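Descriptive structure summary
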Amino acid sequence: VQLQASGGGLVQPGSSLRLSCTASGRTFYNYAVGWFRQAPGKEREFVAARSRNGGSTYYDDSVKGRFTISTDSAKNTVYLQMNSLKLEDTAVYYCAAGQGVITSSLRTPDRYAHWGQGTQVTVSS
């Protein structure tokens, strides 16, 4: 499956953005999908994920209550709605998909076989 991430941009603190991750080649239905981010000089970190078939969602504590992961099956797209953005949310955001990712591994980047190219999110006043 090929992934295309989009929707990043430059926004002020408190603003919202919606990132999209569109799959081609395969449907997302049988894949766990995760969002990760990487800031300059830092390791890639987990942001949010949904389990295979979209049954459950998971969030890092730093984004819980502000970010929401959702799926539009008709468009084969997974979204990351980001509200109340903070300066520390600035990073390149990546979406990833994997068929064999069990719940306990959803937060682990190397469990995902497929990655999008990344989209830059900059929060600045």
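Everything that follows concerns the structure shown earlier in this document.
These numbers come from a predicted model, not from an experiment.

**So, the overall build of the chain**
- Counting its regular elements, the chain contains 0 helices and 11 strands.
- Walking the chain from its N terminus toward its C terminus, one meets helices and strands in the order β-β-β-β-β-β-β-β-β-β-β.
- For the chain, the C-alpha radius of gyration of 13 Å lies close to 14 Å, the compact-globule estimate for 125 residues.
- Dimensions of the chain, computed from the C-alpha atoms along their principal axes, are close to 40 × 30 × 25 Å.
- Counting the 125 residues in the chain, one finds 42% classified as buried.
- Of the contacts formed within the chain by residues at least 6 apart in sequence, a portion of 57% connects residues at least 24 apart.
- Accessible area of the chain: about 6,300 Å², with a carbon and sulfur share of 44%.

**Here's the deal with the environment of Ser125**
- Take Ser125: it is sitting in the segment after β11 (119-123).
- Along the chain, Ser125 and Gly14 lie 111 residues apart, while their C-alpha atoms are 9.9 Å from each other.
- When sequence neighbours within four positions are dropped, the list of residues in contact with Ser125 reads Pro13 and Leu87.

**Let's talk about the pattern of salt bridges**
- Tallied over the entire structure, the rule returns 4 salt bridges.
- Between Arg37 and Glu45 there is a salt bridge, with its nearest N and O atoms 2.6 Å apart.
- Using a relative accessible area of 37% as the deciding quantity, one classes Glu45 as partly exposed.
- With a shortest N-O distance of 2.9 Å, Asp89 and Arg37 are connected by a salt bridge. Of this pair, Asp89 sits in the loop between β8 (77-82) and β9 (91-98) while Arg37 sits in strand β4 (residues 32-38); the two residues are 52 residues apart in sequence, bridging distant segments of the chain. Both residues of the pair, Asp89 and Arg37, count as buried.
- Through salt bridges with shared partners, one network takes in Arg37, Glu45, Arg66 and Asp89.

Cut-offs and rules
Residues numbered from 1 in each chain as written. Predicted model: local features only at pLDDT ≥ 70, side-chain atom pairs only at ≥ 80, totals over all residues. Heavy atoms only, no water. Helix = DSSP H or I, 4+ residues; strand = E, 2+ residues; numbered from the N terminus. Rg over C-alpha atoms; globule rule 2.2 N^0.38 Å. Buried < 20%, exposed > 50% of the residue type's maximum accessible area, 1.4 Å probe, protein only. Contact = heavy atoms within 4.5 Å. Areas by Shrake-Rupley, 256 points an atom, 1.4 Å probe, with all protein chains shown as cover. Salt bridge = Lys/Arg side-chain N within 4 Å of Asp/Glu carboxyl O.

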